[in-house]
Amino acid sequence: MNGHVKSMRFQQFMEPATTLLSLLLVMAVDSSRAAAANRNQQCVNSLQRTLKLARLVQKESVDLIRTYKASQGVKAELLCEASFKYIPNINISGLESWERLLSIYAHLWDFFPHFKRVYEQQVDLQPPASPLLAELSRSGGGRRNLASLISSFYQSLFPNLPVPEPAGGPTALPSPQNVFHQKVYGCEVLRTYKDLVSNVCRELKTLKSKVCQRRKRVNPLLPEAGRTPRVMNNRMTDFER
């Protein structure tokens, strides 16, 4: 009898504690899910902003190639069909999302010295009022902003993995060229950069499903929202037995 009374008293003492623990667990899970949903929305917003700029840069690249061809005189189409060995690689590499974002960032930076060289060459080939010079100069802002947004997006996803500084070594630029080779080189830089930005747009759309989604519950002891955990109740049943 005494044992039964002690068991009843212990159960009466544990029931409020069990209820409080259940409420705390539910509140913790709800808070965690709300925070995850907020992070997910921030990720989506940042990615959409970056993708929007990438699409704008892609469109500007198409327009820039059109202007470039129009400014090169006759047989411009033939010039742009040739290839050049000094053009950077544009294949996005890496198995993990962070590796692929860093690959994008590195490739974007690889093109900055090439655009600078193209601009310098076209300054010698074009009249001062050439629309090509104006477009080349204006497009630099979009290229820099895209690289900056890629870096910011990467840092928001992987704050513990720093963005490496762009390589400070010499870039493999072509040696002094004749006018024909300068024109071929310029068109190849613009065309390849356009292809790179197209790859970036596709990659960003793919990353959305990989990095911008809520994390699934991984702790089997945490209850789903609205459900009371049965762990403590099971232990109470074992004690009474």
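What you are looking at is a predicted structure, and each value in this text was computed from that prediction instead of being measured.

Draft legend 1. Layout of the nonpolar core. Membership of the largest hydrophobic core comes to 48 residues, with the highest contact counts inside it found for Leu108, Phe111, Phe115, Leu146, Tyr193 and Leu204. Of all the secondary structure elements, the ones that give two or more residues to this core are α1 (2–71), α3 (97–110), α4 (112–125), α5 (131–157) and α6 (179–211). Counting residues per element, this core draws most heavily on α6, which supplies 13 residues. Every residue in contact with Leu204, bar those within four places of it in the chain, is listed here: Leu47, Thr50, Leu51, Ala54, Leu101 and Ile150.

Draft legend 2. Highlighting the packing of aromatic side chains. Under the definition given, this model contains five aromatic pairs. Look at Phe111 and Tyr193: their rings are 5.3 Å apart centre to centre, the planes differ by 70°, and that puts the pair in the edge-to-face class. Separated by 82 residues along the polypeptide, Phe111 in the loop between α3 and α4 and Tyr193 in helix α6 bring together distant segments of the chain. Classification of Phe111 as buried rests on a relative accessible area of 1%. Taking 5.1 Å as the distance between ring centres and 85° as the angle between the ring planes, the aromatic pair formed by Phe115 and Tyr193 counts as edge-to-face. Here the residue Phe115 occupies a position in helix α4, and Tyr193 occupies one in helix α6, the gap between them amounting to 78 residues. When sorted by exposure, Phe115 lands in the same class as Tyr193, which is buried. Sitting over the face of the ring of Phe115, Arg143 holds its NZ or CZ atom 3.6 Å from the ring centroid.

Draft legend 3. Structural context of the state of the cysteines. Enumeration over the complete set of coordinates arrives at two disulfides. Across a sulfur-sulfur distance of 1.8 Å, Cys43 and Cys212 are joined as a disulfide pair. With the S-S bond torsion at -75°, the cross-link from Cys43 to Cys212 turns out left-handed. Remark: Cys212 occurs in the loop between α6 and α7 (231–240) and Cys43 occurs in helix α1; sequence separation between them is 169 residues. The buried category is assigned to Cys43, whose relative accessible area is 7%. Disulfide pairing is shown between Cys80 and Cys187; the S-S distance is 1.7 Å. Here Cys80 and Cys187 share a disulfide; its torsion about the S-S bond, 110°, makes the bridge right-handed. Taken as a pair, Cys80 in the loop between α2 (76–79) and α3 and Cys187 in helix α6 lie far apart in primary sequence, 107 residues in all.

Draft legend 4. Up close: the pattern of salt bridges. In this structure the tally under the stated criterion is seven salt bridges. Where Glu188 meets Arg191, a salt bridge forms, and the shortest distance between an N and an O atom there is 2.4 Å. On the criterion of helical spacing, the pair formed by Glu188 and Arg191 is a turn pair, its members being three residues apart in helix α6. Its relative accessible area of 29% is what places Arg191 among the partly exposed residues. Residues joined by salt bridges that share partners form a network here, namely Lys59, Asp63 and Arg66.

Draft legend 5. Representation of the packing of α4 against α6. Interhelical geometry of α4 versus α6 gives an angle of 140° and a closest axis separation of 10 Å. Accordingly, the angle class assigned to the pair α4 and α6 is oblique. Like other packed secondary-structure pairs, α4 and α6 cross with a definite hand, here left-handed. Together, His114, Phe115, Arg117, Val118, Gln121 and Leu125 of α4 and Val179, Gln182, Lys183, Tyr185, Gly186, Val189, Leu190 and Tyr193 of α6 make up the contact between the two elements. Along the lines of polarity and charge, the residues of the contact of α4 with α6 split into eight nonpolar, four polar and two charged.

Draft legend 6. Spotlight on the environment of Cys80. Classification of Cys80 by relative accessible area gives buried; the value is 10%. C-alpha separation for the pair Cys80 and Tyr185, spaced 105 residues apart in sequence, amounts to 8.5 Å. Apart from residues lying up to four places away in sequence, Cys80 is in contact with Lys69, Cys187 and Arg191.

Draft legend 7. Examining the packing of α5 against α6 more closely. Running from amino to carboxyl end, α5 crosses α6 at an angle of 25°, the nearest separation of the two axes being 13 Å. By the angle between their axes, α5 is roughly parallel relative to α6. In the packing of α5 onto α6, the handedness of the crossing is left-handed. Where α5 approaches α6, its residues Leu136, Arg143, Leu146, Ile150, Phe153 and Leu157 are matched on the opposing element by Leu190, Tyr193, Leu204 and Val211. For the contact of α5 with α6, the per-class residue count stands at nine nonpolar, no polar and one charged.

Definitions and cut-offs
Residues numbered from 1 in each chain as written. Predicted model: local features only at pLDDT ≥ 70, side-chain atom pairs only at ≥ 80, totals over all residues. Heavy atoms only, no water. Core = buried A, V, L, I, M, F, W, Y, C linked by side-chain atoms within 4.5 Å. Buried < 20%, exposed > 50% of the residue type's maximum accessible area, 1.4 Å probe, protein only. Helix = DSSP H or I, 4+ residues; strand = E, 2+ residues; numbered from the N terminus. Contact = heavy atoms within 4.5 Å. Phe/Tyr/Trp six-rings, centres within 6.5 Å; stacked < 30°, edge-to-face > 60°. Lys NZ or Arg CZ within 6 Å of the ring centre and 35° of its normal. Disulfide = S-S within 2.5 Å. Salt bridge = Lys/Arg side-chain N within 4 Å of Asp/Glu carboxyl O. Axes fitted to C-alpha atoms, helices over the stretch in contact; angles between N-to-C directions. Parallel < 35°, antiparallel > 145°, perpendicular 65-115°, else oblique. Left-handed = near helix turned anticlockwise from the far one by under 90°. Nonpolar A, V, L, I, M, F, W, Y, C, P; charged D, E, K, R; others polar.

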